[in-house]
Structures are given as C-alpha cells and as structure tokens.
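Residues per chain are reported as follows:
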Amino acid sequence: MKMPELDADVLARRREIVQALRRIVPGEGVIDSEDEMRVFESDGLTAYRTVPMVVVLPENTGQISRVLRYCHEHKIKVVPRGAGTSLSGGALPLGDGVLLGLAKLNRILEIDHDNRCARVQPGVTNLGITQAVAHDGWYYAPDPSSQIACTIGGNVAENSGGVHCLKYGLTTNNLLGVEMVLMDGEVVRLGGKHLDADGYDLLGVITGSEGLLGVVTEVTVRLLRTPEATRAMLLGFPSVEAGGDCVARIIAAGIVPAGLEMMDRPAIHAAEDFVQAGYPRDVESLLIVEVDGPPAEIDALIPRLQEIAREAGAVTMRVSEDDDERARFWAGRKAAFPAVGRISPDYYCMDGTIPRGRLPEVLTRTTELSAQFGLRVANVFHAGDGNLHPLILYDANNPGELEKAEEFGAEILKLCVEVGGVLTGEHGVGVEKRDLMEVQFGEDDLKQQQRLKCAFDPEGLLNPGKMFPRLHRCAELGRMHIHHGQMPFPDIPRF
C-alpha cells in the first residue's frame, strides 16, 4: 500500500517533524524513506498495514524523553514498537504518527543473584534473559512461543505468558519494576528490586496496558532457580473432548504442572511433519504435561498423572527419559504456529481465555463453527490456564475468505465470553479485538478504563486507535485535566 499523496502544507509539516527528530536522534536514527519504512508497516497481524509518517530509533531513555516531549508539545501521535511480534495489531503504525522503535535498547544492564533479579532494556529478547543467566543455574520463567524474537518491553505491554505460565505466572507475576517515559517526556520509576512496592499498584496498571499509558525503557524481572529435575509426558486421546476432560481432571486433582499444553489432530500432524518430535499420528488430541521440582516429587506425580489420563480415556502415554527427549516434545509445540503455516496459505491466530472446566464444550462448539464457516481450524493452546489459540486456516487470495476468517474468530471470542471467559489471554486487544470490547464490557466499564488512559495521556497521543471501540473527550469522563476536542479515531486500512 503506497503512502497517500500529501498536500504542500502537510509535506512541509512532515519535513519539519523529521528535521526536529534528527536533531534529537542523529545519524541513522530517523527513517523517512517510504521503502525503508515499509519494514514497519505491520506487526504479527499482517492483515492490516500502514506506512508510518516517520520512524525514529532512539538509543537511550534521554532521547526517548525528548522525542515524546517534542511530540506532546506539537500534538503528534506516537506508536511504540518492540520486535513487532504482536498478533493483535498493537504495534500497527499510523500514517500521521511517529513510530517509536525500541530495538536499539537491547542491553542487559545488571544481573543481581542476591536479589534474584535482572535489570534489562526493553529491546532484550525474552529468551535472551534466560540465556544470560542459564550458566549460573537461573532462568526467566515466562516463555511465549515467540520468545526467540519477542522483546521484554513488548511482553510487559501485552502481559505475555507462555507454556509455563500455569505454574509460574504471566509477565505481571515475574515483574518487579520498570522505568518508563510518559507522553509529556517525564521519566518515572515504578517498583524496583524489592518484592513489592507501597502505594497504588501502578506497576500492575502498566503491565498489559498495550503501550497506551507510557513507553517502558527499562525492566526489572524476577529470576528463578533452574528446577532440580524436569520431565514431560505425551498423552494421546481419541477425541479433543477427552483431552479437554483430562485437563480438567488434572487441575481438579490439585496438581499444577509446570506446563499443560494441548494440540488437536491438524496441529499434531503439522508439527510432526515440521520437526519430527515423535508425536503419535493416530490420536485426535495430544497433551504435553511437564512437571518439575525435586526428583522424589516428580516420581510421585508421574504415576498419578498416568492414572488420571487412563481414566480420561488416553490411548497413548509416553514419558521423557532425558532432557533431549523432553526438548523434542516441546519443539513441536513451540514450532506449531510456523508448522501450520506450511499447510495453509494463511492462518488467523486467535487468543481467548475460558474456565478450564468448559474446555470440552468450547472445543466441540469450535468444531461446529468450523463446519458452519467452511474453514478448517487447528487448535494449539495453553490448556492448563484455559488460554485458547485456535488457528483459522484460509487463503487471502480467495475473495471474502479473510473477512470470513475474521467473522469466525469473532464468534470464537464471543463464545469465550459467553462461557465465563475473556477476550484475550496474552495477545492483547490492539485493533483486532477493539470492536469486540463491548461484548465483554459495558459502557461504564469502558469509560472507567478511558479515565485511566486520560490520567496518563490527556491528549490521547500515545498509541491511539487501539483497544477502545469508541472514544470520549477526557473532560466528559470527569477527570482532573481538561482535554479540548475529540480524540481522532485513526483510519486503519486493511491490506
């Protein structure tokens, strides 16, 4: 999609903005060529693309503060961006806004074993933290499937989880402190190395705020000791309902595995063809159950899990004999998304969360929706905490199929809310689920959330157009500061 033709006044203002940003971030830190900016035109939700007005790549907190202060003073919109792995359009740029890339802030600043934490810049990858401390017997627990690429700043923005979040929690449970820059350029620190902070839980407010409240420039995360021992099990079932029933039985038995993941037949076959993980091909659903801790605890849990699986109708059971075999079990699950990409020209990755006990029902109804819309679906998800990731397979070259996939996805998310769940587990709302927010929240709820946005960003300049289906003037919401004029609702073109 080409940038629209701009009139002389708009071009002059754009040149002025670019020159001002180059004074703040010299050298190659400002990109204004359309061809070079096209790299940033979308995130992981590739159905929507927009070439930004300009891209700026600061190198430190001071430059970020000055960029935001300038944009605040001149009423210029700003979209923060990490690695661009967001699957909800959370980092989608604006044609009349600055894209603020944080990739150059990629240093690990401090590893503090005494306080069991690490202080890192937002551009450090999720996996990079564990790699930096693994030789000393430590690791960082949250592990999204994109952990090799996604960055810790983006993890904070989306409150990312991963296959081990059932036992060890999401980003919010492993975050101790952040440094962040507000839209007016003010630099603030929330939390620190200590276990908990006094006063309001502003750290909890920032985590999962999708870049609407501030730009995170430093993160302090909790480090954990590598478990003494870890083993994984593959459990195969004759139906997806039986697999879902086994998940509910495991949790009901009071067992909290380190990881509890589920894949259905299409996902199993795609992953096995891709990485040869040793998955059984004659089952309809597959559970990967991982337990960790002292060897004696693991030895006691494995037989209990096998008994529960048999009662739920498991037809295959396999326990890893060593770490290499356990890694192969996980290799298929970690590669499931790209593996599915090999069997379909396109796929739409959904993200909703439901009560674990409703898994069998939701999986059955998802199959019915698949038949209704005439689109295949592969299910790969964090079964232990009810976080679903149905992959809707379609071909964007066929007219109307993208729209049909989006409608199918919307029905899945409505189903999640209907059974007592929520619209997202870890991918965020962004632009993808923005117009579904009213399915889960009433008007008063959404206004209350916008009041919080107004407290941090009165002019509505930071990542506008995301999360809220309708925007209100801050003055109308009864906040402390007065905001004059309606916040613009950006036009989000589809590719």
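Above this text is the structure in question.
About the cut-offs
- Residues numbered from 1 in each chain as written.
- Predicted model: local features only at pLDDT ≥ 70, side-chain atom pairs only at ≥ 80, totals over all residues.
- Heavy atoms only, no water.
- Disulfide = S-S within 2.5 Å.
- Helix = DSSP H or I, 4+ residues; strand = E, 2+ residues; numbered from the N terminus.
- 1 Å grid on protein atoms, 1.4 Å probe; cavity = no way out; pocket = protein on both sides within 12 Å on 5 of 7 lines; lining within 4 Å.
- Points joined across faces, edges and corners; volume = space filled by probe spheres on them.
- Nonpolar A, V, L, I, M, F, W, Y, C, P; charged D, E, K, R; others polar.
- Pairing = 2+ DSSP bridges.
- Axes fitted to C-alpha atoms, helices over the stretch in contact; angles between N-to-C directions.
- Contact = heavy atoms within 4.5 Å.
- Buried < 20%, exposed > 50% of the residue type's maximum accessible area, 1.4 Å probe, protein only.

### Here we look at the state of the cysteines
Okay, step 1: Counted under the stated rule, the structure contains one disulfide.
Okay, step 2: Each disulfide pairs two cysteine sulfurs, and for Cys454 the partner residue is Cys474, the sulfurs being separated by 2.1 Å. Around the S-S axis, the bridge from Cys454 to Cys474 shows a dihedral of about -85 degrees and counts as left-handed. One end of the pair, Cys454, is in helix H16 (residues 443-456); the other, Cys474, is in the segment after H16, with 20 residues separating them in the sequence.

### Considerations on the layout of surface pockets
Over the atoms rolls a probe the size of a water molecule, and its path tells where empty space is left.
Okay, step 1: Size it by volume and the largest pocket reaches roughly 770 Å³.
Okay, step 2: Together, 43 residues line the largest pocket, and Thr85, Ser86, Gly154, Glu158 and Ser160 are the ones closest to its centre.
Okay, step 3: Elements that contribute at least two residues to the lining of the largest pocket include exactly strand S3 (77-81), helix H5 (152-158), strand S10 (215-222), helix H11 (323-334) and helix H12 (336-340).
Okay, step 4: The biggest single contributor to the lining of the largest pocket is H5, with six residues.
Okay, step 5: By volume, the second largest pocket amounts to about 630 Å³.
Okay, step 6: Elements with a contribution of two residues or more to the lining of the second largest pocket: helix H4 (126-133), strand S7 (138-139), strand S12 (229-237), strand S14 (285-293) and H11.
Okay, step 7: Take the lining of the second largest pocket: its biggest share by element is seven residues, from H11.
Okay, step 8: Counted by class, the lining of the second largest pocket contains 13 nonpolar, six polar and eight charged residues.

### Focus: the sheet that holds strand S8 (residues 175-181)
Okay, step 1: Spatially, S5-S6-S10-S8-S9 is the arrangement adopted by the five strands of the open sheet, whose pairing is antiparallel. What marks the edges here is a single partner per strand, and that holds for strand S5 (108-112) and strand S9 (187-191). Averaged over all neighbouring strand pairs, the angle between strand axes comes to 15 degrees, with direction disregarded.
Okay, step 2: Seen against the sheet, helix H3 (residues 61-73) touches S8, S9 and S10 and runs at an angle of roughly 50 degrees to S8.

### A look at the sheet that holds strand S16 (residues 346-349)
Okay, step 1: Across the sheet, seven strands lie side by side as S15-S12-S14-S13-S18-S20-S16; this open sheet has antiparallel pairing. Because the sheet does not close on itself, it has two edges, and the strands there are strand S15 (316-319) and S16. The mean angle between the axes of side-by-side strands here comes to 15 degrees, regardless of whether they run parallel or antiparallel.
Okay, step 2: Note that strand S13 (residues 259-264) and strand S18 (residues 377-381) share two bridges and pair antiparallel. Along S18, the bridge assignment pairs Met263 with Val380.
Okay, step 3: The strands touched by helix H8 (residues 240-252) within the sheet are S12, S13 and S14, with S13 carrying the most contacts at an inclination of about 170 degrees.

### Re unusual backbone geometry
Okay, step 1: Despite not being glycine, Asn463 has its phi angle at roughly 50 degrees, a positive value.
Okay, step 2: By the element assignment, Asn463 lies in the segment after H16.
Okay, step 3: One non-glycine residue, Met467, lies in the positive phi region at around 75 degrees.
Okay, step 4: Checked against the element boundaries, Met467 lands in the segment after H16.
Okay, step 5: We classify Met467 as buried; its relative accessible area is 11%.

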